[in-house]
Amino acid sequence: MAGDDAVRALRRDGRIVIVGASLAGLRAAEQLRDEGFTGSLTVIGDEPYEPYDRPPLSKQVLLGRVRPEDTGLPRRRPVDAHWRLGVAATGLDLDGKRVLLADGDAVEFDRLLIATGVRSRPWPHETEAALDGVHVLRTRDDAARLTRRLAGRPRRVLVIGAGFTGSEIASACRERGVAVTVAERGAAPLVGALGGVVGAVAADLQRDHGVDLRCGIMVTALEGDPAGRLRRAHLSDGTVLDVDVAVVALGAVRNTAWLAGSGLAAGPRGIACDAGCRAFDVHGIVTDDVFAAGDVARTPHPLFGYQFISLEHWGNAVEQAAIAAHNMVSPGPERRPHLWMPAFWSSQFGVNIKSVGVPSMADELLVTQGSLAERRFVAAYGYRGRVIAAVGFDHAKWMGFYAKLIEEAAPFPPEFPAVDRRPEGLRPVPAGFPDPALPTHGASVTLTGHSPSERRVVFTPSRA
Ligand SMILES: Cc1cc2nc3c(=O)[nH]c(=O)nc-3n(C[C@H](O)[C@H](O)[C@H](O)COP(=O)(O)OP(=O)(O)OC[C@H]3O[C@@H](n4cnc5c(N)ncnc54)[C@H](O)[C@@H]3O)c2cc1C
């Protein structure tokens, strides 16, 4: 069959399988039907629920304003899919074009979309992680458990890790009047994502809201009582804290373990894809029937030196799923690249934080509007003389403007006249990102190309 005929046949009565029944999976299913795909569509998800929205879990749900079960994602159209929920995909047979399931079943496909996202990085000590009172926050069930715990008025909550999720949890605790300690290994909250200058503002914000913030500190052990309830936490400076709840917010792990041995280029950094969302195999050859989208995918981006970027961003999952779905049922010349401008938001301690671009790539920043001291500002981030990112605290409306500067590779420091430019907007300062070899917990954008901490393969000849 000629290429176009094959695509027409696929659109008419092909078999498409999506693994991951969440934001990217749902949006891809909707887009496939929008594109005129009339074949069979199967969506496999290991959670028992229909797709729901995660950002409210650390915000409105923890505050008790929205029930976890009321976070279902709105449907843009009927998708006429066969939903296989509550069953995990356990393997991929690339040659046989089959997804293997935990219940022993196998589902055949002509095209596969992998949208398995990430999960919370667990507390490394299993017995301590199992203590009653130790939580993570990724799923609707996690949020339900933690919300119940906060409603029970614990004496003190310990949040381990001050990335975006940890900081939002601390914020919710304070808003509920619950005492909270935040332990962060880095020099400030959000330091891995936004750097030390903005991190210092985040630290002041936390302390002003009554958070007992401890930076440069690691939690070395969690201790329980004989009944298995969390009682104490031991810190690297020798301090022992009495706590009855600990939330482990140490970032995320990509859900790729089920692809081990499949022949796909999938690992701890995600699934490597081309800009059209087609997954690479282990030889670096692009597949034409397996696609990936959302938090689990990593794709090269020309704006950021063609480095592979993985994003834990809501908007990226939506856009990438739409591109992947379009490309899955389109002939080669009609395929589109996914060149989304990274954009993220967070709300914590009454402040709306927005970022565009990749701040962690920057070496310098300049406060172009407002003032750090007032915690209302825009900081433009520079990398080798061009604008690479911007972060706004309560300045959301300007982010589109800065996104355009990043797209145009506008010179840094930017010289345009800005609304509310202050004296601190005259001279760039070092952005203050930690050494990339030191793990931090905050980055929701990861450049997965070369990093100084990366281990390289060394050829060691065998001895005869
Ligand atoms: C608490 C919280 C707050 C957030 N806040 C923000 C925010 O303020 N702003 C923002 O931009 N982003 C935020 N995010 C990130 C955003 O929610 C994610 O980027 C988005 O959910 C990614 O969608 P996804 O479909 O790629 O992956 P996910 O939503 O992670 O979904 C993947 C799905 O696949 C399932 N799965 C995994 N492995 C398998 C398997 N083997 N078989 C079957 N199913 C499997 C998972 O259980 C999950 O249901 C937040 C995330 C969390 C957890």
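In this text, all values refer to a predicted model and were calculated from it rather than measured experimentally. (Residues numbered from 1 in each chain as written. Predicted model: local features only at pLDDT ≥ 70, side-chain atom pairs only at ≥ 80, totals over all residues. Heavy atoms only, no water.)

Draft legend 1. Expanded view of the overall build of the protein chain. Helix and strand counts for the protein chain stand at eight helices and 30 strands. For 464 residues, the compact-globule estimate of 2.2 N^0.38 gives 23 Å, and the protein chain sits close to it at 23 Å. C-alpha atoms of the protein chain, sized along the principal axes, occupy 65 × 65 × 60 Å. Relative to its full complement of 464 residues, the protein chain shows a buried share of 54%. The long-range share in the protein chain, meaning contacts at least 24 apart out of those at least 6 apart in sequence, stands at 66%. (Helix = DSSP H or I, 4+ residues; strand = E, 2+ residues; numbered from the N terminus. Rg over C-alpha atoms; globule rule 2.2 N^0.38 Å. Buried < 20%, exposed > 50% of the residue type's maximum accessible area, 1.4 Å probe, protein only. Contact = heavy atoms within 4.5 Å.)

Draft legend 2. Quick look at the pairing of strand 13 (residues 219–224). Pairing of strand 13 with strand 14 (residues 230–235) involves five bridges; the strand directions are antiparallel. Within strand 14, the residue paired with glycine 224 across the bridge is leucine 230. Connecting strand 13 to the next strand, strand 14, in antiparallel fashion are five residues, including glycine 228 with a positive phi near 85°. (Pairing = 2+ DSSP bridges.)

Draft legend 3. Focus on the pattern of salt bridges. Taken as a whole and judged by the stated rule, the model has 35 salt bridges. Ionic pairing is found between aspartate 208 and arginine 375, a salt bridge with its closest N-O pair at 2.6 Å. Here aspartate 208, found in helix 6 (residues 191–208), pairs with arginine 375, found in the loop between strand 26 (364–371) and strand 27 (376–383); they are 167 residues apart in sequence, far enough to count as distant. For aspartate 208, a relative accessible area of 53% translates into the label exposed. (Salt bridge = Lys/Arg side-chain N within 4 Å of Asp/Glu carboxyl O.)

Draft legend 4. Just the site of the ligand, in detail. Around the ligand, a shell composed of 30 residues is seen, among which Ser22, Asp46, Glu47, Arg54 and Lys59 lie nearest. Between alanine 24 and the ligand, the recorded distance is 2.9 Å, taken from a backbone N or O atom to an oxygen atom. One of the side-chain nitrogen or oxygen atoms of glutamate 47 is found 2.5 Å away from an oxygen atom of the ligand. Of all the secondary-structure elements, those providing two or more residues to the shell around the ligand are helix 2 (23–34), strand 2 (40–45), helix 7 (314–328) and strand 24 (343–348). Considered class by class, the residues forming the shell around the ligand number 14 nonpolar, nine polar and seven charged. (Near = heavy atom within 4 Å. Polar contact = N/O pair within 3.5 Å; in protein donor to acceptor, adjacent residues only side chain to side chain. Nonpolar A, V, L, I, M, F, W, Y, C, P; charged D, E, K, R; others polar.)

Draft legend 5. How the structure looks around helix 7. For helix 7, which comprises 15 residues, the first-to-last C-alpha distance of 21 Å matches the rise-based estimate of 21 Å (1.5 Å per residue) to within 8%. Summarising burial for helix 7: 12 of the 15 residues are buried, a large majority. The set of residues buried in helix 7 consists of Gly315, Asn316, Ala317, Val318, Gln320, Ala321, Ile323, Ala324, Ala325, His326, Asn327 and Met328. (Expected span 1.5 Å × (residues − 1).)

Draft legend 6. Highlighting the side chain of asparagine 327. Tracing the chain through its elements places asparagine 327 in helix 7. Take asparagine 327: its relative accessible area is 0%, and that puts it in the buried class. Polar contacts involving the side chain of asparagine 327 include one to the main-chain carbonyl oxygen of glycine 276, which spans 3.0 Å. The residues touching asparagine 327, leaving out its near neighbours within four places in the chain, are Gly276, Phe291, Arg335 and Arg336.

Draft legend 7. Molecular detail of the state of the cysteines. Applying the stated criterion across every chain, the model contains zero disulfides. In this structure cysteine 215 is a free cysteine whose sulfur lies 16 Å from that of cysteine 173, the closest cysteine sulfur available. No disulfide involves cysteine 273; its sulfur sits 6.3 Å from the nearest other cysteine sulfur, which is in cysteine 277. Take cysteine 273: its relative accessible area is 0%, and that puts it in the buried class. (Disulfide = S-S within 2.5 Å.)

Draft legend 8. Expanded view of the nonpolar core. Val157, Leu194, Tyr381 and Phe393 are the most contacted members of the largest nonpolar core, which totals 70 residues. With eight residues, the top contributor of residues to this core is helix 6. Core analysis: the next-biggest nonpolar cluster, separate from the first, contains 28 residues, Leu10, Leu113, Ala317 and Ala325 among them. (Core = buried A, V, L, I, M, F, W, Y, C linked by side-chain atoms within 4.5 Å.)

Draft legend 9. Quick look at the sheet that holds strand 21 (residues 286–292). The strand order across the open sheet formed by six strands is 3-2-1-7-21-20, and the pairing between neighbours is mixed. The two strands at the open ends of the sheet, each matched to only one other strand, are strand 3 (82–85) and strand 20 (278–280). Averaged over all neighbouring strand pairs, the angle between strand axes comes to 30°, with direction disregarded. By the bridge criterion, five bridges tie strand 1 (residues 15–19) to strand 2 in an arrangement that is parallel. Its bridge partner lying in strand 2, arginine 15 is registered against serine 40. (Axes fitted to C-alpha atoms, helices over the stretch in contact; angles between N-to-C directions.)

Draft legend 10. Representation of the environment of valine 17 in the model. The topology assignment puts valine 17 in strand 1. Valine 17 sits in the buried class, given a relative accessible area of 1%. Ignoring any residue separated from it by four or fewer positions in sequence, one finds valine 17 in contact with Thr42, Ile44, Val99, Val107, Glu108, Phe109, Arg111, Leu112 and Leu113.

Draft legend 11. Geometry of the sheet that holds strand 5 (residues 98–101). Read from one edge to the other, the open sheet built from three strands follows the order 4-5-6, with strand pairing classed as antiparallel. One side of each edge strand has no neighbouring strand; the edge strands of this open sheet are strand 4 (89–93) and strand 6 (106–108). Going from strand to strand, the sheet's axes swing by 25° on average, the running direction of each strand aside. In terms of strand pairing, strand 4 meets strand 5 through four bridges, oriented antiparallel. Paired with leucine 92 across the two strands is valine 99, which belongs to strand 5.

Draft legend 12. Region of the structure containing the side chain of aspartate 295. Of note, aspartate 295 is situated in the loop between strand 21 and strand 22 (297–301). Polar side-chain contacts of aspartate 295 include one of 3.3 Å to the side chain of arginine 138. With sequence-adjacent residues up to four places away left out, aspartate 295 is seen in contact with Gly117, Val118, Arg138, Arg254, Leu311, Glu312 and His313.

Nothing here speaks to function; it is geometry throughout.
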